[in-house]
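Close look at the chain arrangement
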Amino acid sequence: MKLALHITNCDYLSDYLDMGVEMFIVAGEYGTYTTEHFSLAEIAALTKRVKHLYVMVNGLYDEHELEGLFAHIDALAELSVEGIIFQDFGVLEYVREKGYHFDMMYNPETLNTNPNTLNTLATTGVTSAFVANVIPLTEQLDIKHHTNIPLVLQIAGVQYMMSSKRALISNYQEASGQELSHIPGVLTIKPQGLDFTCYAYEDSRGTTIYSKTRLMMLDLLKQVRDFDYLYIETLFMSPSEAIETVHAYSDTLAHLDDLLYGKYVKEYEQLLHQLNIPMDRGFIDEATIYHLEDVKRRDASERNQ
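Residues numbered from 1 in each chain as written. Predicted model: local features only at pLDDT ≥ 70, side-chain atom pairs only at ≥ 80, totals over all residues. Heavy atoms only, no water.

Observations concerning the sheet that holds strand β10 (residues 198-203)
The condition that has to hold: Two strands are counted as paired when DSSP detects at least two bridges linking them. Per the convention used, a helix needs a DSSP run of H or I reaching at least four residues, while a strand needs a run of E reaching at least two, with both numbered from the N terminus. Fitted lines through C-alpha atoms serve as axes, helices being fitted only where they are in contact, and the angles separating the N-to-C directions of these axes extend from 0 to 180 degrees.
With antiparallel pairing, the four strands of this open sheet are ordered in space as β8-β11-β10-β9. Among the strands making up the open sheet, the edge pair consists of β8 (160-164) and β9 (186-189). If you compare each strand with its neighbour and ignore which way they point, the axes differ by 20° on average.

Side note on the pattern of salt bridges
This is how it is decided: Note on definitions: salt bridges are taken to be side-chain nitrogens of Lys or Arg within 4 Å of carboxyl oxygens of Asp or Glu. Summary of the burial criterion: residues with accessible area below 20% of their type's maximum are buried, those above 50% are exposed, and those between are partly exposed, where the area comes from a 1.4 Å probe applied to protein chains only.
Tallying each qualifying case throughout the model produces eight salt bridges. Linking E22 and K2 is a salt bridge whose minimum nitrogen-to-oxygen distance equals 3.8 Å. One end of the pair, E22, is in the loop between α1 (13-18) and β2 (23-27); the other, K2, is in strand β1 (residues 2-6), with 20 residues separating them in the sequence. Between D219 and R281 there is a salt bridge, and its shortest N-O distance comes to 2.7 Å. Pair noted here: D219 is in the loop between β12 (214-216) and β13 (229-233) and R281 is in the loop between β14 (279-280) and α10 (292-304), with a separation of 62 residues, a long-range link. By relative accessible area, R281 is classed as partly exposed at 28%.

Looking at the pairing of strand β11 (residues 206-211)
Most of β11 is tucked away: six of the six residues are buried. Burial along β11 is two-sided: the residues G206, T208 and Y210 and T207, I209 and S211 are all buried. Where β8 lies against β11, four bridges are found, and the strand directions are antiparallel. Residue pairing across strands places Y160 opposite Y210, the latter belonging to β11.

Digging into the pairing of β10
Of all six residues making up β10, five are buried, and the element is well covered by its neighbours. As defined by bridge partners, β10 adjoins β11 across six bridges and the pair is classed as antiparallel. Directly across from C198, in β11, lies its bridge partner S211.

Overview of the layout of surface pockets
For clarity, the cut-off: With a 1 Å grid laid over protein atoms only, a set of points is called a cavity when a 1.4 Å probe fits there but cannot get out and a pocket when it is open yet has protein on both sides within 12 Å along at least five of seven lines; lining residues have an atom within 4 Å of a point. Grid points are joined across faces, edges and corners, and a volume is the space filled by probe spheres set on the points. Under this grouping Gly is polar, as are all residues other than the nonpolar Ala, Val, Leu, Ile, Met, Phe, Trp, Tyr, Cys and Pro and the charged Asp, Glu, Lys and Arg.
Put simply, the largest pocket is a space of about 290 Å³. T32, L60, K165, R205 and G206 are, among the 18 residues lining the largest pocket, the residues nearest its centre. If you list the elements that add at least two residues to the lining of the largest pocket, you get β8, β10 and β11. In terms of residues, the lining of the largest pocket owes the most to one element, β11, which gives three residues. Its residues assigned to classes, the lining of the largest pocket shows three nonpolar, ten polar and five charged. Roughly 180 Å³ of internal volume is contained in the second largest pocket. In terms of residue class, the lining of the second largest pocket is made up of three nonpolar, four polar and two charged.

So, unusual backbone geometry
Of note, F236 is a non-glycine position whose phi angle comes to about 65°, a positive value. When you line up the elements, F236 lands in the loop between β13 and α8 (239-254). Non-glycine residue N276 carries a positive phi angle of around 60°. Tracing the backbone through its elements, the reader meets N276 in the loop between α9 (261-273) and β14. Classification of N276 as exposed rests on a relative accessible area of 67%.

Considerations on empty space enclosed by the protein
With the rule as written, the count across this model stands at three cavities of 30 Å³ or more. In this model, the largest cavity occupies a volume close to 250 Å³. Lining the largest cavity are 19 residues; nearest its centre among them are N107, E109, F130, Y231 and E233. If you list the elements that add at least two residues to the lining of the largest cavity, you get β7 (151-157) and β13. The leading source of residues in the lining of the largest cavity is β7, at three residues. Within the lining of the largest cavity, the residues separate by chemical class into twelve nonpolar, five polar and two charged. The space that makes up the second largest cavity amounts to roughly 80 Å³. Around the second largest cavity, the lining residues are L5, H6, I7, T8, N9, Y12, Y16, T234, M237, S238, P239 and A242. Contributing elements (two or more residues each) for the lining of the second largest cavity: β1 and α8. Grouping the constituent residues of the lining of the second largest cavity by class yields seven nonpolar, five polar and no charged.

Read these as geometric descriptors, not functional statements.
Here it is as C-alpha cells:
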C-alpha cells in the first residue's frame, strides 16, 4: 500500500518525497481532466527527482490528433517515465505495437466497476488500473479481492462527475449573452434541484465537472489497506491545502498498526476540517442498482410514498 499523488505544480515536491509519496502523476500535453499540463521538458526534469512518475495520456482522441499523440508517446518513451494513465485503447495498441515498456494504467473514470472486466483487460496489455469512485466501498473492496493486477483507489480530493467534448461554459455564455464571473476556465455551479456545488472546468478538450466537496477516507485506511495505491487528487487545492492533506494521510498511514491510530485519525480529521473545505464520503456508502427489476421496484416504491 503506497501513496499516489496527482500534482499540478512542484511547490512541495521535496516535502511529498519526505512524506513517503511514491507515485507521482502529472498531465502532459495530451492529458485531460486537469487544470495544469506539464511540458516534455518539465516531465524530463521531474524524472530526475521522482522514481515512479506516471503521465496522463487519458483523453478520448480524434483521428486528426493521432499523429501528434503518437509523437508525444514516442517522446515519453525516451524519458524515465514509469507509466501512462490512459482510457483510449488506441493509446494501448500503439504502445504495444512499438514495444514500449510502460505500466499501462487504465482509468476510464467511472467504468471500472467489476473484477471480471479488469481481469479480461489484463490479458490485452492493461497492467494496472484505477477503481471507479462512484460505487460503494464494499464493491471497491470486492474488485480488489478478485482482480489480478495492481489497483489504485482514490481516498481524498475532489471527485470526477462527468465530462463532455463540448465547450459548455463558452456555449452557455454565447447563448445567454451573460458573461460569467469565474477564474479562467473554471466555474462553480450548483445543479438545479441538488444541494451540492461543483467545479466546471473548460479547456481546449472540452468541459469536465468535479465535486466541490473533497472525499474524506482518513478513518477508513485500515479497511482499504489491501489496495496497491491510495490516490490523493489535488485538483482545485491550494498548495497549503494539498500539503496539509498529504501530511494527514501520510502520517496516519505510518501509524496504521499502532495503538494510537485512532488518535491520529481524530486529530488529523480536526485539522483538515479547520481548512473550512467541504468534505464528504462521496459514493462509498451509496447502494448500486444493477438489475432492471431492482430499478422498477425502486421506482414503484418511490411513486407509492
